[in-house]
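# A structural walkthrough
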2 protein chains.
Amino acid sequence: MAKDKEKSKKRKYVYYFGGKKAEGEAGMKNLLGGKGANLAEMVNIGLPVPAGFTITTEVCTAYYDNNKKYPSELKKQVLDALKMTEAEMDAKFGDKKNPLLVSVRSGARSSMPGMMETVLNVGLNNETREGLIKKTNNARFVYDSQRRLIQMYSDVVMEKAAGIETEEGKGVRVQLEHELEKMKKARKAKDDTDLTADDLKALIEIYKKKVKQVLGKPFPEDPMEQLWGAIGAVFQSWMGRRAIAYRRIESIPDNWGTAVTVQSMVFGNMGDTSATGVAFTRNPATGDNYFYGEWLPNAQGEDVVAGIRTPNPINEIGKSEHTGHLKSLEKAMPKAYKQLDAIQKSLGIHYHDMLDIEFTIQDQKLYMLQCRIGKRNGTAAVKMALDMLKEKLIDEKTAVMRVAPSQLEELLFPLLDPKAEVKAGALCKGLPAGPGGAVGKIVLTAADAVEAVKKDKSAKVILVREETNPEDIEGMRAAQAVLTARGGMTSHAALVARGWGKCCIVGAADVKIDFTTRTVHIKGEVLKEGDWISLNGTKGTVYKGQLSTVSATENQDLVKFMKIIDKYRRLKVRTNADTPEDAKKAREFGAEGIGLFRTEHMFYGKHSEKPLFFLRKMIISSTEAERRAALDELFPYVKKDVKGTLIAMDGLPVTFRTLDPPLHEFVPEQRAEREKLARALKISMSQFRERADKLHEVNPMMGHRGVRLGITYPEITEMQIRAIFEATAELLIAGKKPFPEIMIPVTCIETELAHQYEIFNKVYPEVCKKFKLKEIPHLIGTMIEIPRAALAAAKIAEYAQFFSFGTNDLTQMTFGFSRDDVSSFMGDYLSKKILKVDPFQILDQDTVGELMKIACDRGRKTRPGIKLGICGEHGGEPSSVEFCHRLGLTYVSCSPFRVPIARLAAAQAAIRDLPAGKDPASKKNKKAKSTGKIKSKKK
Amino acid sequence: MAKDKEKSKKRKYVYYFGGKKAEGEAGMKNLLGGKGANLAEMVNIGLPVPAGFTITTEVCTAYYDNNKKYPSELKKQVLDALKMTEAEMDAKFGDKKNPLLVSVRSGARSSMPGMMETVLNVGLNNETREGLIKKTNNARFVYDSQRRLIQMYSDVVMEKAAGIETEEGKGVRVQLEHELEKMKKARKAKDDTDLTADDLKALIEIYKKKVKQVLGKPFPEDPMEQLWGAIGAVFQSWMGRRAIAYRRIESIPDNWGTAVTVQSMVFGNMGDTSATGVAFTRNPATGDNYFYGEWLPNAQGEDVVAGIRTPNPINEIGKSEHTGHLKSLEKAMPKAYKQLDAIQKSLGIHYHDMLDIEFTIQDQKLYMLQCRIGKRNGTAAVKMALDMLKEKLIDEKTAVMRVAPSQLEELLFPLLDPKAEVKAGALCKGLPAGPGGAVGKIVLTAADAVEAVKKDKSAKVILVREETNPEDIEGMRAAQAVLTARGGMTSHAALVARGWGKCCIVGAADVKIDFTTRTVHIKGEVLKEGDWISLNGTKGTVYKGQLSTVSATENQDLVKFMKIIDKYRRLKVRTNADTPEDAKKAREFGAEGIGLFRTEHMFYGKHSEKPLFFLRKMIISSTEAERRAALDELFPYVKKDVKGTLIAMDGLPVTFRTLDPPLHEFVPEQRAEREKLARALKISMSQFRERADKLHEVNPMMGHRGVRLGITYPEITEMQIRAIFEATAELLIAGKKPFPEIMIPVTCIETELAHQYEIFNKVYPEVCKKFKLKEIPHLIGTMIEIPRAALAAAKIAEYAQFFSFGTNDLTQMTFGFSRDDVSSFMGDYLSKKILKVDPFQILDQDTVGELMKIACDRGRKTRPGIKLGICGEHGGEPSSVEFCHRLGLTYVSCSPFRVPIARLAAAQAAIRDLPAGKDPASKKNKKAKSTGKIKSKKK
């Protein structure tokens, strides 16, 4: 304890920035948050940044660990930094004559747009405002700033952060807005700007009265009280409901904490020579290399991103059909624009990346308020990576790391069918904030979107809103797409949708929402809740009805990018496919084999009537003779499917899992079907019923399935092995290169494999003899999907030439969560934070992962170089793929659509894994790679 | 390879014994088998043993490992040992004038009575017999021996070991028996002994002809060929069907192998001055300390144990009501008896144990053929252990080790109600071969017994047979008891039943079985298959009908014995009990607390109508308000049961598991019940149906249960915690010493516990305040029954003050075997040797055990001295208890009935665990023990 205290005394909690020097720099994001670190960096490279200081994320963590108390040394360090800020800005916080105002903002390691609180104009009161009026000679601006301070502070600090709960619509913010509206009505003012300085001065006193009335406490006039209140409110907002929800979706740990940046205020709302804006050093939606942004004259920072006014394009090149009539900053303030353009260029070069910047022009003078790595969608991410590589701004490895695997999804998203678009004709246009096409039924609230998907997982809804706000985040997640009437490309909706790669159109001004009738009016057309609409998020066009979609056309950038990433990958990527058609499709997506072919899935398709009938006959059989008869009938169908799949994957390995059907599911319900089966088996209906009842299981997932069936009925395994080897033999004779891998499911004891191996030992030589072949290439292995199998891997590897982790079932058994039933409590588990993520979506590396590691280690000990793969759904989930890379698996296998995503995740994992200076794409490493290949074939 | 060969050259495969010196000794059982080692020992202590040699078990293992070929050096070593035998016995194997005959017998490490083959009289042929006739001057005996050799050899060596399969009843043994019967008929002979020497001489030639005809090969006349054939047959029989079945039941590993002992023949069938017998140095059924055995004049060894003739008692003291009329060896051959009695006494002292001996008297001269530790039933085991301790033959630790935990079961077995016995009157009497009472329906074949129990696990059948043979072993296992018409106390049935502690009556001569009518005739009474009979195995009495049973009366020996074992025990033994009544009963059995009280089981009993109704109401509730109302109604019932149980266990800990009901099972099926519930909840029947349907789960075992319910409906946990603490508080105030331990089930993530802990944090201080108590003693912990919980034990131990392993579910999830459904394949798994034992009965130490070990290690790391227990069914299974001891658990918990068994298993584990010379019952170790106790209470 004593030591801890000593340590905390020495610890630096506050980092100053300003003038030409900052105590921090860009690399200190973990400590200073993204905002604080980048402000420091901008100061260091000589850009105009209002001075200030950052309180570290450690204070946030200490605050929550220590029962919401600050470290004792914090106060002094803040006051010291404040003094330096005052010196730099030549003004004094709380001074009546020459007051310094500050903003107080949050800043986490990774951006959480709109999730946490900000307070502006801190330091204003009835005394300091007089000094400021004198200094700026602009009373109206000062009163307006004070009015905004009271409004923001009373809401954020006095109500929210203090945890005061008010009735819906009775919060202080709404009440103050009522007073503003009342004043505007009384003065017959149309806009806020129509109110005079005196009006605002009067409003301030009305506000203060109202605050005291609603919250029972006076608005604090003491600037220092304001400052500490605002700092506390930011820390408090880290644990706010919205912030927690966002972190859950983005998998950001709670203990990262937020930093607080206190910065001297500059004002974009000091009249028409002032402005504020947000811009990107390249276009974040397309990746095109030009300065792209939005600005508003006479406005404060939050106005642009809040989406309340549709902002102007920053320059001429950025003008769209849609914004062509608005004045650009380039034209309105050419001098400031030129300076800004130079700054953005230098920032792009300095950071080697696309940046998202915020600036304010106060009376013609430009200030940089923020710069951070800009969010971009998948298309833009790929294009920028390739462009910057070409421009030699970044190297290949960096280019590979620049695209998040999840972003690739967008590039693979379906688009609206262009012909259908022409035929339908656009209803209206908005800003193309998120690419791809989306079709869905209109919902008007985020809650409705969540509800619809909760009711029906495959429900397709489009969230139509005036504008979105952080409260809508879960509804946006649930919806296919988002359409807003207001807001620009940097509005909340656009930022969030872009981050997720979700189809999104913002600022579609023709969209009018009528909540009383629950309808959407677009240019005279009236759409009801639940009506279908279609969005083209790449162009920004909205259509009535349910347009058809087409799959993403060949994207040349993507092809180029995938070629680069494949140089860095060590993990092979296979696909899970159950038909020759799927196999073909997956190969186009770059699959290097099939990791899971589920024999029983051939019975689900359209053309499966006959094989399904034979399968049912087999299942309902009660003697070996009956079963063998049904299996003989089934044989040609299985063989045909096996053969087709081997052809589609010629030259690549195909893993056939032996039959693992949920027996009772294959017993037909309809009387006609039952009678037909009974006739075929020559049994009575009561005998049929008796046999069907016998197949019922209390917990089928842990019942008579997988290899357990193959042990009770060895003839089933025999039929399948024979079909696989006969198909392979015929292809070999035809000059093809088939490579089947036979995989036994649900194994938990090595003796199970030994038993199945004996069947192989009988059938294999028979087939070789029949086709006059010396050998037929193959492997025999097992799934590791039962906890016991992982633990007994050393013994199992005596028989298995490969392991394939069935992480769906392994997760199921490890957690004891039935996948069919988990929905009854998974919602509670996520919302009550019992679980951070759904372990069926993201591999639980701690435990399921430990079992995998145990299995790998033990399997390798018995059989060095054993082939190891994964075929659970996690095989296409990026963080799980990275884990598989670290485990040293041979391959991951995932659904065809996720193959490119897995390829990228694998490449990034390999790059992260490199010792500094090593390049796996270099010749030397290529050699190492191919050695790995040989190794993995050793048996 | 070359090295291996060299090694095998040096290896000693054959150990000679004879005269005054043997190469082996009693400690070499693993190598020489029990028989070989003890023969060597008897030679070494100067007893009269016919010379011979033993081929080691290593040869058997090598034989099977090496494709049924012998090590190259074996032949020479056998011939060398044979020469030494010839020298000692002053005769020559295969010599025409002075031939040596030998027996060839199996001998495994642990006795497998009747499971493997024996061949006697090896070395006889038409030439050597002439020398033997001259030497013995007894042609009839020699021809009879040769006749027996052919009969035995052709069956065991030429047919069985060669793997020749003949039709049922067409095997060579049956065919030769036909010839014998034919000859007897022709000579009008009643018994075998009525045939003359010439008859037998003629029969030998008939036999040889028949052998060639049936098996297509002549009977080998070459003595050396006979010898090697017999040796091979013994090795072959190790992998025979019967031997494998026996080993599976007894958990004997296949790779132990059998030794082969070749020993000079001596003859008990050389006339009335010859005899053979089997005896025990103490009575194996009662434990009484007197020489007890059976003998037959003019017979060969196998005749006594085969049960073909009911043998005579060996001495006067051993005569029973039943055998009083037969002549004892003591009277018939007083000199030989005196010598035998001296030998048995010296053996008992030499071995410090009760021995089972075999002897032969050849023309007045006594030879010892075998001695081994004698099998005994539980009653006898306890009595002998106590007696020998008193006699200072053994020390306390040895006494504890002398009773197998499973043997205790017999002592706890029910007995027939003595009053009912008097009333019913015995139908007949037999030898009391296995104690206790049994009631069941008559079955006449082993297969019927197996079938009956397969159909209905709780079926009670009694196997009634003329005599049993090794083929009957599985049927004997399945039956409640065995009743045979023939055989003595050392017959097959008696030996096997005694080993298992099963009720058994043998040699009930009045029992006549008529297979054609499937009836049993006993003194004029005709019983049909399926009729009820009752056996008193302690007295040997048989009753008609289904007599009532009473639980074992207080056994003073047992009380004394249990007192001794408790000195050595480190593991505590608790019980699983769900009602105050169970708790009381378990305490009488020595339970030191309750390890598992399943709250939901109080709803199953007779007097549970009201609480069951409230529970159902709670389950069918759909709002928190409805649920709270039902919980309020439930509260007093839960509290009452908790209180009653705490009173029954006053001063001892009671672990209450929070509710873990299979929800859908508690939804009533009957319309009336449903309507009553709907009325109580004020909902419509269709609403009721909808809610009930929602509770249906596909895999309920992995569904919404245990702590998952407590998280979705915290009010359920709250009610239970409140009930437990209020009950405890009231008892504390009443001056009692209640100690509740609250156990959360189905936990798999530490956050689940954190969540439930918050409920405790709310309720606990409320109850303390209500009852004005500063604190209420308690622990809060969790079950470890989900694989994930074991792996995450380090984090879970941050919240849990104790772990209790729920090995039923842990086994279920680790194997992925649903306990409700496993019967559909467990039979195949055991019979196909996929599994050696049912993992739900005997803990799978390799994997489930590894998870337990992981959990213990990690739990202790977080919380040193964490209390660790087990409450799965394995907690009462001896080998699993020993494993728990090695893991260092604090306690095991099992059903009340198994508490004494677990206590003994725990004591034996502790003794096995001792470094040589340490005595845990000594004062020094008692101190160590109590330190352990304090440790386990640290939290």
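Our structure is the block above this text.
Below or above, wherever it landed, is the structure these notes cover. (Residues numbered from 1 in each chain as written. Chains lettered and ligands numbered in written order. Predicted model: local features only at pLDDT ≥ 70, side-chain atom pairs only at ≥ 80, totals over all residues. Heavy atoms only, no water.)

Moving on, we come to the packing of aromatic side chains. With the rule as written, the count across this model stands at 40 aromatic pairs over all chains. Their ring planes at 75° and their centres at 5.2 Å tell us that Phe 817 of chain A and Phe 825 of chain A sit as a pair that is edge-to-face. Under the relative-accessibility criterion, Phe 817 of chain A is labelled buried at 0%. Between Phe 613 of chain B and Phe 614 of chain B, the aromatic rings sit 6.1 Å apart at their centres with planes inclined by 65°, giving edge-to-face as the arrangement. Of the two residues, Phe 613 of chain B and Phe 614 of chain B, both sit in the buried class. One aromatic cluster is present, built from ring pairs that chain together Tyr 63, Tyr 64, Tyr 70, Trp 228 and Phe 235 of chain A. Lying across the ring of Trp 238 of chain A, Arg 247 of chain A places its NZ or CZ 3.8 Å from the centre. (Phe/Tyr/Trp six-rings, centres within 6.5 Å; stacked < 30°, edge-to-face > 60°. Buried < 20%, exposed > 50% of the residue type's maximum accessible area, 1.4 Å probe, protein only. Lys NZ or Arg CZ within 6 Å of the ring centre and 35° of its normal.)

Below, the discussion takes up the relation of the copies chain B and chain A. Mapping chain B onto chain A is achieved by rotating through 180° and translating by 0.1 Å along the same axis, at an RMSD of 0.2 Å. Viewed as a symmetry operation, the transformation between the two copies matches a two-fold axis. Among all residues of chain B, the minimum C-alpha distance to the rotation axis is found for Asn 699 of chain B, at 2.3 Å. Both copies share a contact surface, since 100% of the interface residues of chain B are interface residues in chain A too. (Least-squares fit on C-alpha atoms with pLDDT ≥ 70 in both. Contact = heavy atoms within 4.5 Å.)

Residue-level contacts link 47 residues of chain B with 47 residues of chain A. Interface area for chain B against chain A, summed over the two sides, is near 4100 Å², with a carbon-plus-sulfur share of 58%. When the buried area of chain B at its contact with chain A is split by residue, Met 702, Arg 788 and Ile 834 of chain B rank highest and sum to 16% of it. On inspection of chain B and its partner chain A, the count reaches 6 salt bridges. Of the charged contacts in the structure, one is a salt bridge between Asp 846 of chain B and Lys 795 of chain A, with a shortest N-O distance of 3.5 Å. In this structure, the connection of chain B to chain A is made through 33 residue pairs in polar contact (both at pLDDT 80 or more). By residue class, the composition of the side of chain B that touches chain A is 21 nonpolar, 12 polar and 14 charged. (Buried area = accessible area lost by both parts, 1.4 Å probe. Salt bridge = Lys/Arg side-chain N within 4 Å of Asp/Glu carboxyl O. Polar contact = N/O pair within 3.5 Å; in protein donor to acceptor, adjacent residues only side chain to side chain. Nonpolar A, V, L, I, M, F, W, Y, C, P; charged D, E, K, R; others polar.)

All names here are of chain B. Inspection of the secondary structure puts Glu 718 in helix H28 (residues 714–733). A relative accessible area of 12% means that Glu 718 is categorised as buried. Apart from residues lying up to four places away in sequence, Glu 718 is in contact with Arg 628, Ile 759, Lys 762 and Val 763. (Helix = DSSP H or I, 4+ residues; strand = E, 2+ residues; numbered from the N terminus.)

Attention now goes to the sheet that holds strand S10 (residues 292–297) of chain A. Backbone hydrogen bonds hold the strands of a sheet together, and the pairing may be parallel or antiparallel. Residues and elements named next belong to chain A. One open sheet holds the 5 strands; their spatial order is S11-S10-S9-S12-S13, and the pairing between them is antiparallel. Lying at the two open borders of the sheet, with one neighbouring strand each, are strand S11 (312–313) and strand S13 (365–373). Strand direction decides the pairing type here: strand S12 (residues 355–362) and S13, joined by 8 bridges, are antiparallel. Across the sheet, the residue bridging to Thr 360 is Tyr 367, located in S13. This element, helix H13 (residues 334–351), spans S12 and S13 of the sheet and lies at about 25° to S13. (Pairing = 2+ DSSP bridges. Axes fitted to C-alpha atoms, helices over the stretch in contact; angles between N-to-C directions.)

Within the secondary structure layout, Phe 815 of chain A lies in helix H32 (residues 807–815). C-alpha separation for the pair Phe 815 of chain A and Val 848 of chain A, spaced 33 residues apart in sequence, amounts to 8.6 Å.

All names here are of chain A. Taking every second residue as pointing to the same face, both faces of strand S32 (residues 802–805) are buried, with Phe 802 and Ser 804 on one and Phe 803 and Phe 805 on the other. As paired strands, strand S31 (residues 779–784) and S32 are joined by 3 bridges and run parallel to one another. When the bridges of S32 are listed, Thr 782 appears paired with Phe 803. Bridging between S32 and strand S33 (residues 867–870) involves 4 bridges; their strand directions are parallel. Paired with Phe 802 across the bridge in S33 is Lys 867.

What follows deals with helix H4 (residues 74–89) of chain B. Between its terminal C-alpha atoms H4 of chain B stretches 22 Å, which fits the 22 Å expected from 16 residues at 1.5 Å a residue. The first or second residue beyond H4 of chain B is Asp 90 of chain B, which carries a positive phi of 55°. (Expected span 1.5 Å × (residues − 1).)

For the rest of this paragraph, the subject is the pairing of strand S10 (residues 292–297) of chain B. Residues and elements named next belong to chain B. Within S10, 5 of the 6 residues are buried, leaving the element largely enclosed by the surrounding structure. Two elements, strand S9 (residues 275–280) and S10, share 6 bridges in a ladder whose sense is antiparallel. Counterpart to Thr 276 in the pairing with S10 is Leu 296. By the bridge criterion, 2 bridges tie S10 to strand S11 (residues 312–313) in an arrangement that is antiparallel.

Turning next to the sheet that holds strand S28 (residues 594–598) of chain B. Residues and elements named next belong to chain B. Read once around its circumference, the closed barrel built from 8 strands follows the order S27-S28-S29-S30-S31-S32-S33-S34, with strand pairing classed as parallel. In this sheet, neighbouring strand axes are inclined to one another by 25° on average, regardless of whether the strands run parallel or antiparallel. Sheet strands touched by helix H36 (residues 899–912): strand S27 (572–576) and strand S34 (891–894). Its angle to S27, the strand with the most contacts, is close to 155°.

On to the pattern of salt bridges. Here the structure, examined in full by the defined rule, presents 127 salt bridges over all chains. Across the pair Lys 319 of chain B and Glu 316 of chain B runs a salt bridge, and its minimum N-O distance is 3.3 Å. On the basis of relative accessibility, which here comes to 29%, the residue Glu 316 of chain B falls in the partly exposed class. The partner of Asp 566 of chain B in a salt bridge is Arg 569 of chain B, and the shortest N-O contact between them spans 2.8 Å. For Asp 566 of chain B, a relative accessible area of 22% corresponds to the partly exposed category. If you follow the salt bridges from partner to partner, you end up with Glu 624, Arg 628, Glu 718, Arg 722, Lys 762 and Glu 766 of chain A in one network.

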